[in-house]
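Each chain, written out:
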Amino acid sequence: MPYLACTGCGKKHPLATDLRCADCGEPLEVRYETLTPPARLTEEPCFIARNVNIFPFPNLRPELSLGEGGTPLVEAVHLQRETGIGEIYLKNETVNPTWSFKDRGTSLGVQAALQLGFERVGTVSSGNMAASVAAFAARAGLEAFVYVAADIPESKLGPIAIYGCHLTRGTGDYGSLYYHALAFGKERGIYFISSDNPFRIEGQKTLAYEILDQLDYEPLDFIVLPVSSGGNMAAVIKGCEELVALGLIQKAPFVIGVQAAGCSPIARAAAEGKEKIEPFPNPDTIAHAIANPFPPSGNRILRKVREGRATVMAVSDEEIIAAQAFLAQKEGLFVQPASAAPVAAVRRLAAAGTLRPEHRVAVIVTGSGLKDTGALAHHHLEGETAERR
Ligand SMILES: *Cc1c(COP(=O)(O)O)cnc(C)c1O
Ligand SMILES: [Zn+2]
């Protein structure tokens, strides 16, 4: 039988609604007594049907899928040429149903909510998670409660509200909202599928499964991705470890998490060799999707850093803007600033010689540029006006 285990103290919990450990406060994760390999992408196109083997609940409902996952792995030919690295692949998550990777976790998170008997789901978000949860809840006929930070721009509310959810502007930043919402959810029977809900993690670990599947399980040296709450990075590391346990790969790729220097609580704690993150004062970055000043999975990531499986670094807004322009102008992909951060990191690590020509690297391109058109102002784009005749 699968069960939940605390990622901090290891304590076992039943496969139920608890999200964090009552003893130490750290996030719980799903563990399996025996792992079964997932179906290959070419065998089963439906995300939910493909992943029944690597998800702890039976009787899933594939008809609730919106076509999430199964995204393209594109060779970044121009980035390879520029950096001299032999193989760089972009996992293009911008083509998910709500234009970010969040849909993987939401899809299976909603399945878990249904199995656990909930009629209401909730999330705390600065944008992408909100739209994703609202969309999948609508599809499943669940009531959705979405909490957004007080300072979210007005223009970002409509694309969430359109799905017919209860939208509330919280007070305080994401860090404090997250813990507030957990308590509120318990009171009101709302199942929160926020960033590091254990079943969301099971959905997002499929990123690792799919990348290695698309590479025919040939050795991959690095996976590079942007980090905010730490949920997705924890999921990708878990997916890699499971692939090793399944015998599908020999060695887990080393995972490089990338934060924006203007909000980098995990990178800072990692650089200082700390075991615990501290709230990042006055976050300030154009990469809004990765601006969580007190990441709920921060300590969990630091444990993986100490185990030697991962690292977390920070890049500047200038590097992010340059990488966003490069991706659009050379590779033809318009991604949001958060998603350009790992490309900025690859450029810097290649220049420093940490990433070398013989390395094989996968970069997770997490969300669409159309989600944050405000960032276009940083690019000094000029339009030409056709002359009237
Ligand atoms: C949520 C998000 C991230 C960060 O993922 P976490 O699980 O919060 O660390 C990165 N990029 C985009 C586009 C996102 O929406
Ligand atoms: Zn614990």
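Above this note sits the structure.
Parameters at a glance
Residues numbered from 1 in each chain as written. Chains lettered and ligands numbered in written order. Predicted model: local features only at pLDDT ≥ 70, side-chain atom pairs only at ≥ 80, totals over all residues. Heavy atoms only, no water. Helix = DSSP H or I, 4+ residues; strand = E, 2+ residues; numbered from the N terminus. Rg over C-alpha atoms; globule rule 2.2 N^0.38 Å. Buried < 20%, exposed > 50% of the residue type's maximum accessible area, 1.4 Å probe, protein only. Contact = heavy atoms within 4.5 Å. Lys, Arg positive; Asp, Glu negative; His and termini not counted. Charge placed at Lys NZ, Arg CZ, Asp CG, Glu CD. Donors = N, O, S within 2.8 Å, 3.2 Å for Na, K, Ca; no water. Tetrahedral: all angles 85-135°; square planar, octahedral: opposite > 155°, others 65-115°. Pairing = 2+ DSSP bridges. Axes fitted to C-alpha atoms, helices over the stretch in contact; angles between N-to-C directions. Salt bridge = Lys/Arg side-chain N within 4 Å of Asp/Glu carboxyl O. Core = buried A, V, L, I, M, F, W, Y, C linked by side-chain atoms within 4.5 Å.

Quick look at the overall build of the chain
Here is step 1 of the chain: Broken down by element type, the chain carries 13 helices and 13 strands.
Here is step 2 of the chain: Relative to a compact globule of 389 residues, whose C-alpha radius of gyration would be 21 Å, the chain shows 20 Å and is just as compact.
Here is step 3 of the chain: Out of the 389 residues belonging to the chain, those deemed buried represent 58%.
Here is step 4 of the chain: For the chain, restricting intrachain contacts to residue pairs at least 6 apart in sequence, the fraction spanning at least 24 positions comes to 70%.
Here is step 5 of the chain: Both charge centroids of the chain, one from 37 positive and one from 43 negative side chains, sit 2 Å from each other.

Topic: the coordination of the zinc ion (ligand 2)
Here is step 1 of the chain: In this structure, C6 (SG), C9 (SG), C21 (SG) and C24 (SG) serve as the protein donors to the zinc ion (ligand 2), at separations of 2.3 to 2.4 Å.
Here is step 2 of the chain: Coordination at the zinc ion (ligand 2) comes from 4 donor atoms whose angles at the metal span 91 to 121°, giving a geometry best classed as tetrahedral.
Here is step 3 of the chain: Coordination of the zinc ion (ligand 2) draws on donor residues from a single chain, spaced C-x2-C-x11-C-x2-C in sequence.

Overview of the sheet that holds strand β6 (residues 120-125)
Here is step 1 of the chain: Judged by pairing direction, the sheet is parallel, and its 4 strands sit side by side in the order β8-β7-β6-β9 without closing on themselves. Each edge of the sheet is formed by a strand with only one pairing partner; in this case those strands are β8 (166-169) and β9 (191-192).
Here is step 2 of the chain: Sheet topology places β6 next to β9; 2 bridges connect them, and they run parallel. Across the sheet, V121 pairs through a bridge with Y191, a residue of β9.
Here is step 3 of the chain: Where helix α4 (residues 128-140) meets the sheet, its contacts fall on β6 and β7 (143-148), and the angle it forms with β6 comes to roughly 165°.

Notes on the pattern of salt bridges
Here is step 1 of the chain: Here the structure, examined in full by the defined rule, presents 28 salt bridges.
Here is step 2 of the chain: Between D216 and R40 there is a salt bridge; the shortest N-O distance is 2.9 Å. Placement of D216 in the loop between α8 (206-214) and β10 (222-226) and of R40 in the loop between β3 (28-31) and α1 (47-50) is noted, with a sequence separation of 176 residues between them.
Here is step 3 of the chain: Judged by relative accessible area, R40 falls into the partly exposed class, the value being 25%.
Here is step 4 of the chain: Between E358 and R356 there is a salt bridge, and its shortest N-O distance comes to 2.9 Å.
Here is step 5 of the chain: Among the ionic contacts, a cluster of salt bridges with common partners joins R50, K91, E93, R104 and E210.

Some remarks on the nonpolar core
One recurring pattern in soluble globular proteins: nonpolar side chains tend to sit buried together.
Here is step 1 of the chain: The biggest cluster of nonpolar side chains holds 49 residues, and the ones touching the most others in it are V121 and F199.
Here is step 2 of the chain: By residue number, the principal contributor to this core is α4, which donates 7 residues.
Here is step 3 of the chain: The residues touching V121, leaving out its near neighbours within four places in the chain, are A113, V133, A137, L142, E143, A144, F145, I190, Y191 and I193.
Here is step 4 of the chain: By size, the runner-up hydrophobic cluster in this structure holds 35 residues, among which are I290, M313, A340 and V365.

With respect to the side chain of S107
Here is step 1 of the chain: Structurally, the position occupied by S107 is in helix α3 (residues 102-115).
Here is step 2 of the chain: Excluding residues that lie within four positions of it along the chain, S107 makes contacts with F47, I48, E68 and F136.

Some points on the sheet that holds β10
Here is step 1 of the chain: Spatial strand order, β4-β5-β13-β10-β11-β12: 6 strands in an open sheet with mixed pairing. The open sheet has two edge strands with one neighbour each: β4 (73-75) and β12 (310-315). For this sheet, the mean inter-axis angle between neighbouring strands, taken without regard to orientation, is 25°.
Here is step 2 of the chain: Of the pairings in the sheet, the one linking strand β5 (residues 87-92) to strand β13 (residues 360-365) comprises 6 bridges and is parallel in character. Across the sheet, the residue bridging to Y89 is A362, located in β13.

Geometry only, nothing functional implied.
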